[in-house]
Every structure is written in C-alpha cells, then in structure tokens.
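Remarks on the overall topology
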Protein chains: 2
Amino acid sequence: MKKEKLKVGAIGLGNRGTSILKYTLIPFYEEGMIEISAICDNYEDRVERGLKELEEKGVPKPFATTDYREVLKLDLDAVVIITSWETHVGIAIEAMKAGIYPGIEAGGAYNVEECWELVETSEKTGIPCMLLENCCYGRRELMAFEMVKRGLFGEIVYCQGGYLHDLRYEVSHGEENRHYRLKNYIHRNCENYPTHEIGPIAKILGINDGNRMLYLTSMSSKARGLHDYIVDRKGKDDKYADTVFNQGDIISTTIKCSGGELIHITLDTTLPRAYSRDFTIRGTKGGYFEETDSVFLDHTHDEFELDRRKIWENAEEYAEEYKHTVWKKYFPKGGHDGMDELVYRAFFESVKNGTNPPIDVYDAAAWMSITALTEKSIALGGAPVEIPDFTKGKWMNRTDIADGDFSLKIK
Amino acid sequence: MKKEKLKVGAIGLGNRGTSILKYTLIPFYEEGMIEISAICDNYEDRVERGLKELEEKGVPKPFATTDYREVLKLDLDAVVIITSWETHVGIAIEAMKAGIYPGIEAGGAYNVEECWELVETSEKTGIPCMLLENCCYGRRELMAFEMVKRGLFGEIVYCQGGYLHDLRYEVSHGEENRHYRLKNYIHRNCENYPTHEIGPIAKILGINDGNRMLYLTSMSSKARGLHDYIVDRKGKDDKYADTVFNQGDIISTTIKCSGGELIHITLDTTLPRAYSRDFTIRGTKGGYFEETDSVFLDHTHDEFELDRRKIWENAEEYAEEYKHTVWKKYFPKGGHDGMDELVYRAFFESVKNGTNPPIDVYDAAAWMSITALTEKSIALGGAPVEIPDFTKGKWMNRTDIADGDFSLKIK
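Residues numbered from 1 in each chain as written. Chains lettered and ligands numbered in written order. Predicted model: local features only at pLDDT ≥ 70, side-chain atom pairs only at ≥ 80, totals over all residues. Heavy atoms only, no water.

Thoughts on the sheet that holds strand E3 (residues 63-65) of chain B
Residue and element names in this part refer to chain B. Counted only if it meets this: Strands are treated as partners if at least two bridges between them are detected by DSSP. Only runs of H or I of at least four residues qualify as helices and only runs of E of at least two qualify as strands under DSSP, and these elements are numbered from the N terminus. Axis definition: a line fitted to C-alpha atoms, over the contacting stretch in the case of helices. Angles run 0 to 180 degrees between N-to-C directions.
Pairing in this open sheet of 6 strands is parallel, and the strands run E3-E2-E1-E4-E5-E6 from one edge to the other. The sheet is open, and its two edges are formed by E3 and strand E6 (130-132), each paired on a single side. Here the strands of the sheet are splayed against their neighbours by 25 degrees on average, with no regard to which way each runs. Bridging between strand E1 (residues 6-11) and strand E4 (residues 78-81) involves 4 bridges; their strand directions are parallel.

Structure representation (structure tokens):
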C-alpha cells in the first residue's frame, strides 16, 4: 500500500541535523513529499532553534521534545536519526520496534553486537532500515558506478577511498560546541568514519549482493595533530593542551572481499591537508581517480605516458555519457552537489512504497561494523579480523533487493 | 686513503644496465671519476652491445665476460650490480668477500636470511655496501627531505608512497626480452619493488638512525590485469593467455615504526594507469603530496578550503628555498631529473673516500627485506610480520653514519 504524504520525525539537531532540517527536510515538505511531524534534540536550545527555523519557513509546528522516546510513541512513518554516533544504532532499533522506519545518518558502530541487533530487529519486525550514506549519491561516485555497470573499466580489482578532512578545529572546539567527536577522539582509536568511502565502493563491488567483505587489517599512526594544533591555536594553557588523544592521526585499513578485490581506506582528520575522499576505482580496462578527477582508459590513454597531468580533470568529458539514472531524473540540468537530496529522496521513496531501501540494513551493519573491527585490529597490532556475514549467506543469492539505484545488472 | 680514479665493474647489461652504462657510467668516465674496467652479462649479445657502446664513445675496452665471478677476481674498487632481482644480494656478498665495494640496483629480497648475510658479510669484511636507490635523490624527494629537516612540516606522522607503474607490456613480453619480471609475476605474490618509495621515506623518518620499522601487514588483490591484457593485445592463443599469475594486481602494505609513524605503500603495476610514485609526507604543520605536486602548510593554506585544486602544482614555488645541498651542488641551474647521476656519484664518492655510504648495508637489508616480509604476510592472510632490526640495536645510537646527504641534523 503506497503512502501519500509521509509523517517524519527528525531526531538530532546539531550542526548536521539543523543543516538537514533546513536544506533537505523543509524542501521535501515544500515539495509535498513529507510532513515534519516531530523534532527532537537532547538540548532545549537546539529544539528551539529548529522550531524557529520551521516557523520562519511557514512549516506547521511539529511535536517538539528533548526525549527521543517521546518521538517514537507518535504515529510516524519514518524517523531520521542525526544524533551523536554512539546513539544511532540504539535509536534505530527502538524505532523499528515501534514500527517506525528509521533512516540513520553516516557514522560507525561501537561493536559488532549492536550491528547484529540492528539486523535481527529489522528481520523480526519486518521494518526496513536505511543508512543515509549521502556519498553513495555523489556525482562522481554515481558516474563511476555507471561506468562500472556498463563495463568501461573491465573487471574491478581494487578500490580506494578516504575521509581526508581536517577536523582539528571541530574536535578542539568540541566542548563549547557540544560535539560528540571530541570524546571519541580522546577515548577511541579506530577508523571512526568509514561509510563515506565504503558506501560507494560497496555498491560498485556488489557487497551483500554477490560479494562480501571477508576480513580486514588496520593500523594507526601516533596522535600528534590535535595536540600541536591546540597548543598553536589556543595556547599551552588550554584545557586540552595536555590531553592524550587516543585517536591516531592516520588510520590505514585494508579489506579483502570474497570476489578477490582489495579495498583500502584511510582516515585522515587531524593533520593539515585539503579535503578529499580519494575515491578510486580500478579495473583491468581502466579506472577513475577522484584525487585528480581523472579517467584512465586502456587504448584511449597511453600506458607508457609518464606525465599523468595530461589526464587531470578529464572526468567531466565522460560525465554526460555516463550519467546515472537518478542524476538524470533529478538534476536534468546538471548542477550543484545534491547528495543529501538524493539519499533522503531514496529513503522517503522506499518508505512510501514499502520497499527495501537501496542501502539496507545489511549494508548498514556491514559498513558500520568496520569501525568496531578496525578498533579491534589496531588494538591487536594490525591482526586480521573477520568481517561478519550479516546476511547469513543470503548475499550469494539475494532475492529481496529492490530494483533500485544500485543494481549492477543491465536490463 | 683517498683513491684517485676508481676501477669499476658493471655486472648486468639488460635494459637498465645498458641505460646506466650509456647515461651514467660513461659520463663519469668522461668526468675522470672512474675507469670502466669490466662489463658482464649472462648473455653474450648484451656484452657485445656494451662493448660497442663503449667503443663508440671512445672508452678504453674493458675486460668483458659472461661470468660475473671472473669480474670479482679482478683488482677493482667497486662493482655495480644491475642484474635480475634474485641475483643482487648473492653477487653483492661475493663482491664484499672479494674485497670489492658493491653498489646494488633497486629491487627486493627473496628472504630475510639473505638480508642478514648481506649485513654480516659487510660487518665481517669491513667492506661497505650501498643500495643504489635513485629515488632517494629525486628532486621532490630531496625537497621534501629538506623541508622536513628544517621543520616546515612539524612532527612527521605519516608517509605514503607507491610504485604505480603500468608494466603490463614489459611483463607480458618478458620471454622475448629475457626480463626477470615475467617469472616473478608468475610465481610470487608480494610487494616486489618497495625501495623506490621506502627509500626516500626511510631517510625522512630516520630509519636505522634513531628510528626503525617495527612490523607490517600486507594484502593482495586478485590478479586479473595481465590476463586481460594478454588476451586483448596478443590474443587468446598467446602462450601466456592461460597462465595463472600469482602476483596480485595491487599490493597494499602498512608499516609501523618505533617512532609511532605509519607508512603505507602500494604496488600497482598490472592495471592501466598513469605513472606515479605517490610520494606523500605528512606532519603536524604541513605536508607534501606528489600526486598533485602540492605543498600544504598550516597558517599559509586554508584548513577549511574544500577545493583542493587551489594548491595543485604549487610545489615549485618552494623548490628554490628548500633546495637540497646535492641539488645545489650538481644542478645549479635546476633542470632534468638527475637521480641516477646523483646516486651513482654518492656511491663513487663513498668508495673514493672509504666512508660509509649514505644508503648503507643496514638500509639495504631493511628496505629489501620488505619484499620477503610482505610475501609472508600475504600468505598468512594479512597477519602482522615483524621487521628485523638488522642493526642489532645500533639504530638508537649510530656513530658510523657519514655526515652525508641524508643527515637530519642541522649544523
């Protein structure tokens, strides 16, 4: 039974939550896709800020609370969970138990057990769950997906990605901004944010749909970036100047897949650098290299050419021909980076149609578990750690996958 | 006692050996630094080609043989070993036993035992040994070294590099060209060529001089690149069309150092791509990124800037100020990539002066052992493998290091 207008609750109104409310949920309300039925944050002032935002845009006043459990008591179709990392999975599980379809923002899991519980709750309740991993809908990520689907790169052998984002300001100002990253960087050491890169790669490699991630190893550098930044910018008398940060500046993780492919991902958030996701896809006939926005194709480009600058920024030449369906449908004139719109649209469409979402509970569990598994591998001196098969064998012959955005089969 | 003109033998006259003879050894002969006293290759025609080359340039005819043991019987000051990878260490050991100072071209070791034997032979005979790793003398590598030495990047935390070089033509034509890579790619699976990246990184991190590599993990992708290339270029009836190549297309290796630094290196030689060594140095105050030839400095560049293209190819702006001494001395007007000249000059200078070379036997053993250690880690499913301390503790307090090209101490 197709629902008409979805009743949606938004849990978590920090930086990301507020941004999603303003630039994604309000436009979907204006489009007529959703009602914003509830908003929630632990902090009263954030709730007030959210209400003000909605009022200014003429959105009817929603139920507002500082207790997410109150949200889950309402008759809602969906909740979007934009809270601190450590509360994502727990709230999603409670939502499914309450019969509400959860969409979870990007983040990693704290242990493998909560990933299993997520999967089992979804299987038991019959309520799907979507990871709102926006980078799966990145323009270049979707272009590369389309190229792989149409065989342009031959057989895919290797993928690479990273969350290469200088967050020293954010982490070092975490106390005044009430940001969850601060405590995570003090206490933990792991690939704490893997899904931006694992997501698009997993879709390209057909992970959970004919392929799976088998095991990984992870290692950490020392942690010096935050200390040096705090002393430099805030002075040696700053409260955090002598803090020992457990989180290594660079985390290097390698993942082996059952199809024989290798994935390498890097977390790089506390040393000075320019932003990149370093999204790289390599096949026997060619590849895409986000770092220089280059496409290299066998026969088209010269394998003996030593000056790689000749292909820098040539990807745009291929963008029109290899435009993904969703990009065609929602951005007919090309344009700005609409990842958030696309991933939330896919979520709301799935809720509306009652279908399995394009990034489902098995994807959420597998991708988020990487965080917990790297923590273990790092603690064990880089020892290989197995990645659970959350589908319990179904990945070899999935029948429940919606004919959606990431089907690798050409009709 | 300083020698005047060195008597040098060249063992190995394949592609690389011939190139070194023509463009490096003959110029050093013309400069008056060396005599080319002997040349040698297993293959008679290569020896003939070498003799012809020398004759054309007016170089006195050297002793010529197909048996390197004949070369080692001569009264030579030095031999340069430019043979197949698997013979490098053995010939170097025999040379030292014969009282001849060996220079070994780039390559990896086949087991840890031969690395120990190399070290112990040098210690016992008192004859030094140099690894002729030319990339240590790369223009950008030396610039980055100078930047690190002068503290521009703060504390170094992470380094990255790769041998990213499409060798599909070379390997698939290995039989007719009598190239040793072919058999290596059929039989082995490892980081088979690590020293181009490990070399410059080790010098920057002070490996064997206050720091050391502790352990590594390594994983391999499947091997599909050569098969697809051979079928595509030579046809499915080619002799090697059905060959199973053990060598994975991508080898991803992570190394932890005693100083807490992380090194990540990639071997990427059998998939289509543009050449790069991906040399990357990251500190708490800045870094160098070879892939886009960029320098990023704290305070100078904007940590919140999301468009990394703004710093692409800005490294040249720093090249003059951070020019390394050897570059100043031998390339006063800047110019072409003179790595081979610089590394051979450093070798001949060390032989002449009887000093420990800037890339010594401990460096050679540590860097070359990476190949054997990755082979083990890959075979064990990515298990961590310890890297031997070939200095037996001397790395904490070296007193035998020449005041050479890679001293990190500022006078």
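From this point, the discussion proceeds with the structure in view.
Remarks on the pairing of strand E4 (residues 78-81) of chain A
All names here are of chain A. Selection rule: A simple rule labels every residue: compare its accessible area, found with a 1.4 Å probe on the protein chains alone, to the largest value its type can have, and call it buried under 20%, exposed over 50%, or partly exposed in between. Think of it like this: strands point away, you trace from the first strand over the helix to the second, and a clockwise trace means the crossover is right-handed.
Along E4, one buried face is formed by Ala 78 and Val 80 and the opposite face, lined by Val 79 and Ile 81, is buried too. Relative to strand E5 (residues 101-105), E4 runs parallel, the two being bridged by 4 bridges. Bridge assignment links Ala 78 to a residue of E5, and that residue is Tyr 101. Where the polypeptide runs from E4 across helix H4 (residues 88-97) and back to E5, its parallel neighbour, the crossover connection is right-handed.

Thoughts on the pattern of salt bridges
As a reminder of what qualifies: Basic side-chain nitrogens of Lys or Arg form a salt bridge, by our definition, when they fall within 4 Å of a carboxyl oxygen of Asp or Glu.
A full pass over the atoms with the stated rule returns 76 salt bridges over all chains. A salt bridge links Lys 310 of chain B to Glu 305 of chain B, with the shortest nitrogen-to-oxygen separation between them at 3.1 Å. Of the residues examined, Lys 310 of chain B reaches a relative accessible area of 60% and is grouped as exposed. One connected set of salt bridges, linked through shared partners, spans Asp 166, Arg 168, Asp 232 and Arg 233 of chain A together with Asp 298 and Glu 303 of chain B.

As for helix H10 (residues 225-234) of chain B
Basically, it comes down to this: Contacts between residues were defined by any pair of non-hydrogen atoms, one from each residue, lying within 4.5 Å.
For H10 of chain B, the complete set of buried residues consists of Gly 225, Leu 226, Asp 228, Tyr 229 and Ile 230 of chain B. The elements touched by buried residues of H10 of chain B are helix H7 (168-172) and helix H8 (181-187) of chain B.

Remarks on the relation of the copies chain B and chain A
Counted only if it meets this: Least-squares superposition of the copies uses the C-alpha atoms of those residues scoring a pLDDT of at least 70 in each of them.
Each copy of the sequence occupies a distinct position, and chain B is placed on chain A by a rotation of 180 degrees and an axial shift of 0.0 Å, giving an RMSD of 0.0 Å. Taken together, the rotation angle and the small translation identify this as a two-fold axis. No C-alpha of chain B lies nearer the rotation axis than that of Ala 383 of chain B, which sits 2.7 Å from it. In this assembly, 100% of the residues forming the interface of chain B have copies in chain A that are likewise at the interface, indicating an isologous arrangement.

Description of the interface of chain B and chain A
So the rule is basically this: N or O atoms closer than or at 3.5 Å make up a polar contact, with two conditions inside protein: a donor-capable atom paired with an acceptor-capable one, and, for residues adjacent in sequence, both atoms drawn from side chains. Residues were grouped as follows: Ala, Val, Leu, Ile, Met, Phe, Trp, Tyr, Cys and Pro as nonpolar; Asp, Glu, Lys and Arg as charged; and all remaining residues, including Gly, as polar.
Facing the 64 residues of chain B at the interface are 64 residues of chain A. In this assembly, chain B and chain A are joined by 18 salt bridges. Counting the contacts that link chain B with chain A gives 33 residue pairs in polar contact (both at pLDDT 80 or more). Contributions of two or more residues to the side of chain B that touches chain A are made by strand E7 (156-164), H7, strand E8 (213-220), H10, strand E9 (250-257), strand E10 (262-268), strand E11 (280-283) and strand E12 (286-289) of chain B. Of the residues assigned to the side of chain B that touches chain A, the class counts are 23 nonpolar, 18 polar and 23 charged.

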